[in-house]
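Topology and contacts: notes
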Amino acid sequence: MTPHPFDTAVSLTPLDAAVPGRFAGASSPDYWNMVGPFGGTTAATAMQAVMQHPDRLGEPIALTVNYAAALGPGAFTVLATPVRTNRSTQHWTVSLTQPDAAGADSVVMTATAVTAARRQTWGVNDTPMPAVTPPVAAEKMAFPGGGVEWIKRYEMRPLSGMIPRVWDGSGTDSLSQLWVRDNPPRPLDFSSLAALSDVFFPRVWLRRAKHVPVGTVSMTVHFHADSGQLAECGEGFLLGQARAQAFRHGFFDQTAQLWTESGTLLVTTNQIVYYKE
């Protein structure tokens, strides 16, 4: 069978048996954004390096990705290192390097992650899923051209707060809601969930209705679900909700949640994003 485009995009090959966390990968044209790969697949690559490490303990509970520079086309190297392993938690650093114009390895992404041996305890969704139109009744989003390939890799069914049709500075709110899943559909896992956490367009575009240059500086994903709950979701839609809290001095934040169709909160995520006047 032909592999799913996402699996190709985050595919990693071990480089050295003596360094178990060192992998080779390559940028995927299927997930290309305006000036580089979709940031969600970069985050997913960091997650994938941790998931493939033979010494991993448990499952992800947190991932923070810092986008130091634009990732270019072609090959790159990822190094995932477990820096401390406790009885139930494991702490990781991840770096992604790529040759620069002079051929020297240059760091383009750094990340930290925490995995943990989860145990059964009392639990509750204290942020319930909002009451919205079900995905079957929501219209698919039509994607424009322009060389932005990554949005074609997702089936999005917007509910509210989508990209303004007119850039006239009339925006009043930064809240968006949409149903989303991989296109073509693919069973959910931690790497694809990390990527899905970054599908929201920049909040400043909605709040201002002005198309200004932007770039994510840092993104954190907190995983509230285990692999069993991801398996229950399967290829189903996730409800995504995103909003900003402050825009100031060239940066804004973005907070978001992703729920399953049945209402289970899978992740909460936050970003700090650069914008230019």
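A brief look at the structure comes next. Bear in mind that the values here come from a model prediction, so they are computed numbers and not experimental data.

With that settled, the discussion passes to unusual backbone geometry. Cis geometry is adopted by the peptide bond preceding Pro 184, which originates at Asn 183 and carries an omega value of 0°. As for its placement among the helices and strands, Pro 184 is situated in the loop between β8 (176-182) and α3 (190-196). One non-glycine residue, Ala 209, lies in positive phi territory at about 50°. The residue Ala 209 is located in the loop between α4 (203-208) and β9 (214-223) in this model. Exposure remark for Ala 209: the relative accessible area of 3% places this residue in the buried category. Phi is positive for His 249, close to 55°, though the residue is something other than glycine.

Now for the nonpolar core. Membership of the largest hydrophobic core comes to 54 residues, with the highest contact counts inside it found for Leu 63, Trp 150, Tyr 154, Leu 193, Val 199, Phe 223 and Leu 238. At six residues, helix α2 (residues 39-52) tops the list of elements feeding residues into this core. Aside from chain neighbours lying at most four places away, what touches Leu 63 is Ala 43, Ala 46, Met 47, Ala 111, Thr 112, Ala 113, Ala 194, Met 219, Thr 220, Val 221 and Phe 223. Core analysis: the second largest hydrophobic core is formed by eight residues, Val 204, Trp 205, Leu 206 and Val 212 among them.

On to the pattern of salt bridges, then. Per the stated rule, a full pass over the model turns up seven salt bridges. Ionic pairing is found between Glu 149 and Arg 153, a salt bridge with its closest N-O pair at 3.9 Å. Classification of Glu 149 by relative accessible area gives partly exposed; the value is 24%. For Arg 153, a relative accessible area of 15% corresponds to the buried category. The partner of Asp 189 in a salt bridge is Arg 186, with the nearest N and O atoms 2.7 Å apart.

What follows deals with empty space enclosed by the protein. Here the structure, examined in full by the defined rule, presents two cavities of 30 Å³ or more. Along its surface, the largest cavity is lined by Ala 9, Ala 26, Ser 27, Ser 28, Tyr 31, Pro 37, Thr 41, Thr 42, Thr 45, Leu 71 and Phe 76. Each residue belonging to the lining of the largest cavity can be placed in one class, and the counts come to six nonpolar, five polar and no charged. When its volume is computed, the second largest cavity comes out at roughly 50 Å³. What lines the second largest cavity is Val 180, Arg 181, Asp 182, Arg 186, Leu 188, Leu 196, Gly 234, Glu 235, Gly 236 and Leu 238. Top element by residues in the lining of the second largest cavity is β8. It accounts for three residues. Partitioned by chemical class, the residues of the lining of the second largest cavity number four nonpolar, two polar and four charged.

A few words now on a nonpolar patch on the surface. Nonpolar side chains collect at one region of the surface, where Val 217, Phe 251, Ile 272 and Tyr 274 lie side by side and expose about 310 Å² of accessible area between them. Position of Phe 251 relative to the elements: it lies in strand β12 (residues 251-260). Judged by relative accessible area, which is 37%, Phe 251 ranks as partly exposed.

With five bridges connecting them, strand β2 (residues 19-26) and strand β4 (residues 75-85) associate as antiparallel partners. The residue bridging Ala 26 from the neighbouring strand is Ala 75, located in β4. Direction of pairing for β4 relative to strand β5 (residues 89-99): antiparallel, over a ladder of eight bridges. If you follow Ala 80 over to β5, its bridge partner there is Val 94. Between β4 and β5, which follow one another and run antiparallel, lie three residues.

Here Gln 271 shows up in strand β13 (residues 265-275). Exposure remark for Gln 271: the relative accessible area of 7% places this residue in the buried category. Of the polar contacts made by the side chain of Gln 271, one reaches the side chain of Thr 216; its length is 2.8 Å. Setting aside its immediate chain neighbours within four residues, Gln 271 contacts Ser 197, Asp 198, Thr 216, Ser 218, Met 219, Phe 252, Asp 253 and Gln 254.

Rules of the game
Residues numbered from 1 in each chain as written. Predicted model: local features only at pLDDT ≥ 70, side-chain atom pairs only at ≥ 80, totals over all residues. Heavy atoms only, no water. Helix = DSSP H or I, 4+ residues; strand = E, 2+ residues; numbered from the N terminus. Buried < 20%, exposed > 50% of the residue type's maximum accessible area, 1.4 Å probe, protein only. Core = buried A, V, L, I, M, F, W, Y, C linked by side-chain atoms within 4.5 Å. Contact = heavy atoms within 4.5 Å. Salt bridge = Lys/Arg side-chain N within 4 Å of Asp/Glu carboxyl O. 1 Å grid on protein atoms, 1.4 Å probe; cavity = no way out; pocket = protein on both sides within 12 Å on 5 of 7 lines; lining within 4 Å. Points joined across faces, edges and corners; volume = space filled by probe spheres on them. Nonpolar A, V, L, I, M, F, W, Y, C, P; charged D, E, K, R; others polar. Patch = residues over 30% accessible without salt bridge, like charges linked within 9 Å, V, L, I, M, F, W, Y side chains within 5 Å. Areas by Shrake-Rupley, 256 points an atom, 1.4 Å probe, with all protein chains shown as cover. Pairing = 2+ DSSP bridges. Polar contact = N/O pair within 3.5 Å; in protein donor to acceptor, adjacent residues only side chain to side chain.

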